[in-house]
Number of protein chains: 2
Amino acid sequence: MNIYDIAKLSGVSIATVSRVMNGSEKVSEKTKQKVMSVIEQEDYTPNVFAQGLGLNTMHTIGIIVPDIADMYMSTAVSILEKHLAEHGYDCILSCSGFSQEQKEAHTRMLISKHIDGLILVGSTYSGHGLDEHETDYIREAGKQVPVFIINGEVEGDNVYSSVCGDRKAAHDAVCDLIAQGRRKILFLTDSLSYSASEKRAGYEEALSENSLPVSGDLNIKLQRSEPHYVRDILLQYTKLSCDAIFATNDSIAVGAVKYANVKGLDIPDDVSIIGYNNSLLSICSEPEITSIDGRSGQLCHDTVDNLIKVLNGCDDIEKCLSLPCQLIKRNTTDF
Amino acid sequence: MNIYDIAKLSGVSIATVSRVMNGSEKVSEKTKQKVMSVIEQEDYTPNVFAQGLGLNTMHTIGIIVPDIADMYMSTAVSILEKHLAEHGYDCILSCSGFSQEQKEAHTRMLISKHIDGLILVGSTYSGHGLDEHETDYIREAGKQVPVFIINGEVEGDNVYSSVCGDRKAAHDAVCDLIAQGRRKILFLTDSLSYSASEKRAGYEEALSENSLPVSGDLNIKLQRSEPHYVRDILLQYTKLSCDAIFATNDSIAVGAVKYANVKGLDIPDDVSIIGYNNSLLSICSEPEITSIDGRSGQLCHDTVDNLIKVLNGCDDIEKCLSLPCQLIKRNTTDF
């Protein structure tokens with residue numbers, strides 16, 4: 001029996017239960033009596049630790065990212081942190097890596113820190129769709145605190161998702177390439193995440209719709225995304241022939257630019273290149289790289305707004321935020 | 001009276017006091033009696049919160065950075081987090097921004113989270129050298145937990161510093177430029193931090209040693225480091241004439257490359273460019289940028305090792321770690 005169970009049985013939010021327990025005067029007498037009667041019925045003893053701290057005075061949100069050195073992640077955390085601070089919440093960050101075991105361990109660890117809410121940044125937390133149980137730990141966490149996922153979708157009570165339409169964005173960008181006469185479009189990724197599989201699905205749909213073959217030769221899974229590594233791997237494919245490259249992040253796209261430069265290919269005439277995330281890397285490259293903006297800033301902002309609403313007892317929240325991506329046109333494409 | 005005072009009066013580490021309080025058998029009878037007698041003399045009642053948690057079971061280190069979206073910071077935090085995890089410590093991250101008020105507030109906030117140690121990342125925490133009191137809050141924090149600064153120097157009890165020799169690195173790099181015949185070397189920075197002022201001092205020393213004038217015209221303080229912003233600012237200086245550019249971070253150096261490209265200047269023949277931090281940005285640029293590696297990875301690694309030693313009661317720690325920088329030669333210089 002925890003505060004969430006009491007809230008459920010009382011038909012009120014945890015914030016209201018907390019206010020009743022802390023003797024706040026902001027609760028109506030009727031609500032107070034309802035909550036107190038449930039607490040008595042269930043013989044509920046509030047967790048000493050939580051009570052000692054004053055449950056709602058921690059004002060701390062846990063954030064988990066796979067790797068804070070990744071620019072997408074660090075930018076997202078920066079935005080989350082600033083916006084949470086505006087609402088009076090501190091954040092605790094933990095970096096989980098990508099393994100199932102570590103993702104579960106870090107989630108348990110942060111929950112044990114008596115956080116008020118949990119935000120998971122990145123589609124790796126929605127699993128690979130291979131096993132429905134791989135996201136069970138997120139639903140478990142949802143029994144303790146509200147959980148929000150940035151750019152990933154997981155179903156569960158008290159679990160909220162947000163997605164940026166990666167599938168449609170990849171589809172539309174590949175259609176743009178085809179409309180410009182590109183026929184051999186290379187798909188490059190270093191990930192097997194939900195987000196990467198959505199991008200691949202959009203890419204393949206665009207090819208199929210335009211009666212182009214979906215070829216294994218034009219679909220390369222990389223081990224890493226570091227630009228020199230990507231360049232060197234591509235140079236090893238001696239029979240590689242493509243007139244466009246779609247990369248699932250900007251670091252890979254920079255590697256593709258370097259590959260084209262070594263091969264003496266003109267960008268975009270001989271080969272068009274599209275990156276993903278619209279990061280600083282896409283601007284540092286020469287030529288600057290056309291890139292899909294996943295709107296992570298807006299997703300983070302809206303997610304914090306919704307988290308605060310949930311913590312304040314509002315139940316009227318969309319379970320899955322959805323924002324369309326934007327294609328930022330630069331000099332590696334001829335549109 | 002807190003556990004640090006008890007440790008001081010007993011002449012042992014806080015870890016030992018904690019072990020005595022928790023009834024650990026790892027403490028000699030003699031030490032135990034010494035600590036217990038101080039506790040009795042001083043009528044010390046351990047903080048209920050700390051005791052309830054088991055003082056040394058939090059295993060949490062606070063980390064403060066000005067801005068996690070900055071690549072230097074996010075890389076450093078990633079390394080700190082991974083290495084702390086290897087030692088069984090979780091981390092709490094907080095982003096303070098650069099204002100004195102916020103740096104103080106975030107330090108107080110993290111201390112209130114009952115952390116075992118505090119790491120401040122970035123030379124902004126060593127102040128501007130304008131007022132000795134601007135680092136008082138760090139010495140205050142040192143009264144509660146050991147404080148470690150990455151790439152900054154602050155004197156105080158229980159405060160440990162680390163520096164990477166920015167002054168010498170800048171001096172040596174500028175000497176290299178002069179040896180290659182460069183005479184009008186532009187210094188570009190967006191910061192007034194300790195680190196930036198050290199770089200400037202090294203730059204000016206190199207000029208003076210080589211009987212070159214230290215000119216205000218070749219010393220530009222930028223508001224931001226975003227590449228397009230830097231390029232556009234430089235283009236506004238219509239009378240700017242330089243044959244080399246020394247930038248205090250890689251993002252500024254990328255802006256300098258873009259400036260040279262717009263002006264039709266050959267890199268490195270017409271203008272040599274040196275960046276700082278050896279970040280991914282220096283590799284994404286075309287040409288790739290010669291950059292000074294501040295060895296932040298090693299500084300972070302060694303800092304965690306020292307922090308763990310202090311937490312384990314070792315007093316034999318250097319107060320200031322010092323590592324020399326490395327110049328990573330790429331294609332924007334002719335050496």
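Since this is a predicted model, take the numbers as computed values, not measurements.

J.: Help me understand the interface of chain A and chain B in this model?
T.: By a widespread convention, an interface's size corresponds to the accessible area lost as its parts come together. At the interface, 37 residues of chain A touch 37 residues of chain B. In total, chain A and chain B occlude about 2,900 Å² of area from one another, counting both sides; carbon and sulfur atoms represent 61% of this. Along the contact surface separating chain A from chain B lie four salt bridges. One salt bridge in this structure joins lysine 82 of chain B and aspartate 67 of chain A, with 3.6 Å as the shortest N-O distance. Summed over the shared surface of chain A and chain B, the result is 10 residue pairs in polar contact (both at pLDDT 80 or more).

J.: Please explain the sheet that holds strand E6 (residues 185–189) of chain A as it appears in this structure.
T.: Remark on secondary structure: sheet strands pair via backbone hydrogen bonds, oriented parallel or antiparallel. Residues and elements named next belong to chain A. Pairing is mixed in the open sheet, where six strands are placed in the order E7-E6-E8-E9-E10-E12. Every other strand in the sheet has two partners, leaving strand E7 (219–221) and strand E12 (326–328) as the edge strands with one partner each. Going from strand to strand, the sheet's axes swing by 20° on average, the running direction of each strand aside. Where strand E8 (residues 244–247) lies against strand E9 (residues 272–276), three bridges are found, and the strand directions are parallel.

J.: Please clarify how the nonpolar core should be interpreted in this entry.
T.: Nonpolar side chains tend to gather and get buried jointly when the protein is soluble and globular. Residues Ile63, Ile119 and Phe246 of chain A together with Ile63, Ile119 and Phe246 of chain B are the most contacted members of the largest nonpolar core, which totals 148 residues. Not counting residues up to four positions away in its chain, the partners in contact with isoleucine 63 of chain B are Val77, Leu80, Leu84, Cys91, Ile92, Leu93, Ser94, Leu110, Ile119 and Val121 of chain B. Counting residues in each nonpolar core, the second largest holds 57 residues, with Ile39, Ile111 and Ala141 of chain A together with Val159 of chain B among its members.

J.: Looking at this model, I keep getting lost on the relation of the copies chain A and chain B. Mind explaining?
T.: The relation between the two chain copies is a rotation about an axis coupled with a shift along that axis. Screw-axis analysis of chain A against chain B gives a translation of 0.0 Å along the axis, an RMSD of 0.1 Å, and a rotation angle of 180°. Here the transformation between the copies is reduced to the relation of a two-fold axis.

J.: Sorry, what's going on with the state of the cysteines here?
T.: Linking two cysteines covalently through their sulfur atoms gives a disulfide. All names here are of chain A. By the definition in use, this model includes zero disulfides over all chains. Of all cysteine sulfurs in the structure, the one in cysteine 164 sits closest to cysteine 325, which takes part in no disulfide; the separation is 3.7 Å. Look at cysteine 325 and you get buried, because its relative accessible area is 16%.

J.: Just to check I follow, could you spell out the confidence of the model for chain A for this structure?
T.: In low-pLDDT segments, the atomic positions of the prediction should not be examined closely. Per-residue pLDDT for chain A has a mean of 90; in total, 93% of the residues score no lower than 70. Two numbers describe this predicted complex: its pTM, 0.81, and its ipTM, 0.79.

J.: Could you clarify how one ought to interpret the pairing of strand E6 (residues 185–189) of chain B in this entry?
T.: Moving residue by residue along a regular strand, the side chains alternate between the two faces of the sheet. Residue and element names in this part refer to chain B. The buried count for E6 comes to five of five residues, which makes it a mostly enclosed element. Where burial is concerned, the two faces of E6 agree: the one with Ile185, Phe187 and Thr189 and the one with Leu186 and Leu188 are both buried. Examined bridge by bridge, E6 and strand E8 (residues 244–247) share four bridges and lie parallel to one another. Each bridged residue has a counterpart across the sheet, and for leucine 188 the counterpart in E8 is alanine 247. Note: E6 against strand E7 (residues 219–221), three bridges, orientation parallel. Paired with phenylalanine 187 across the strands is asparagine 219, a residue of E7.

J.: Would you mind showing me how to read the environment of leucine 281 of chain A here?
T.: Tracing the backbone shows leucine 281 of chain A in helix H12 (residues 280–284). The buried category is assigned to leucine 281 of chain A, whose relative accessible area is 4%. Along the chain, leucine 281 of chain A and isoleucine 252 of chain A lie 29 residues apart, while their C-alpha atoms are 10.0 Å from each other. Setting aside anything within four residues of it in sequence, one finds leucine 281 of chain A in contact with Met71, Asp250, Ser251 and Val254 of chain A together with Leu280, Leu281 and Cys284 of chain B.

J.: Help me understand the pairing of strand E5 (residues 159–163) of chain A, please; the structure alone is not making it clear to me.
T.: All names here are of chain A. With five of five residues buried, E5 is to be regarded as a mostly interior element. Going residue by residue along E5, you find Val159, Ser161 and Val163 tucked away on one face and Tyr160 and Ser162 tucked away on the opposite face as well. Here two bridges tie strand E4 (residues 147–150) to E5, and the two strands are oriented parallel to one another. Along E5, the bridge assignment pairs phenylalanine 148 with tyrosine 160.

Analysis parameters
In this numbering scheme, every chain counts its residues from 1 along its sequence in written order. Just so you know, chain letters begin at A and ligand numbers begin at 1, following the order they were written in. Owing to the predicted nature of the model, reporting of local features is limited to residues with pLDDT of at least 70; listing and counting of side-chain atom pairs is limited to 80 or more, with chain, interface and lining totals taken over all residues. To get the side-chain values, take all heavy atoms of the structure and skip hydrogens and water. By definition, residues are in contact when any of their heavy atoms lie within 4.5 Å. Accessible area that two parts lose when put together, with a 1.4 Å probe and added across both, is what the buried area reports. Between Lys or Arg on one side and Asp or Glu on the other, a salt bridge is scored when a side-chain nitrogen of the former is within 4 Å of a carboxyl oxygen of the latter. Whenever two N or O atoms come within 3.5 Å, that pair is a polar contact, provided that in protein one can donate a hydrogen and the other can accept it, and provided that, for residues adjacent in sequence, both atoms are side-chain atoms. When DSSP finds two or more bridges between a pair of strands, those strands are recorded as paired. Numbering of helices and strands starts at the N terminus; helices are DSSP runs of H or I of at least 4 residues and strands are runs of E of at least 2. To obtain an axis, a line is fitted to C-alpha atoms, over the contacting stretch when the element is a helix, and the angle between two such axes runs from 0 to 180 degrees between their N-to-C directions. Residues enter a nonpolar core if they are buried and are Ala, Val, Leu, Ile, Met, Phe, Trp, Tyr or Cys, with the set joined through side-chain atoms within 4.5 Å. Here's how the labels work: a residue is buried when its accessible area is under 20% of the maximum for its type, exposed when over 50%, partly exposed in between, all with a 1.4 Å probe on protein chains only. Alignment of the copies relies on least squares applied to C-alpha atoms, considering only residues that score at least 70 for pLDDT in both. Disulfides are defined as cysteine sulfur pairs within 2.5 Å. How sure the predictor is of each residue is captured by pLDDT, a score from 0 to 100.

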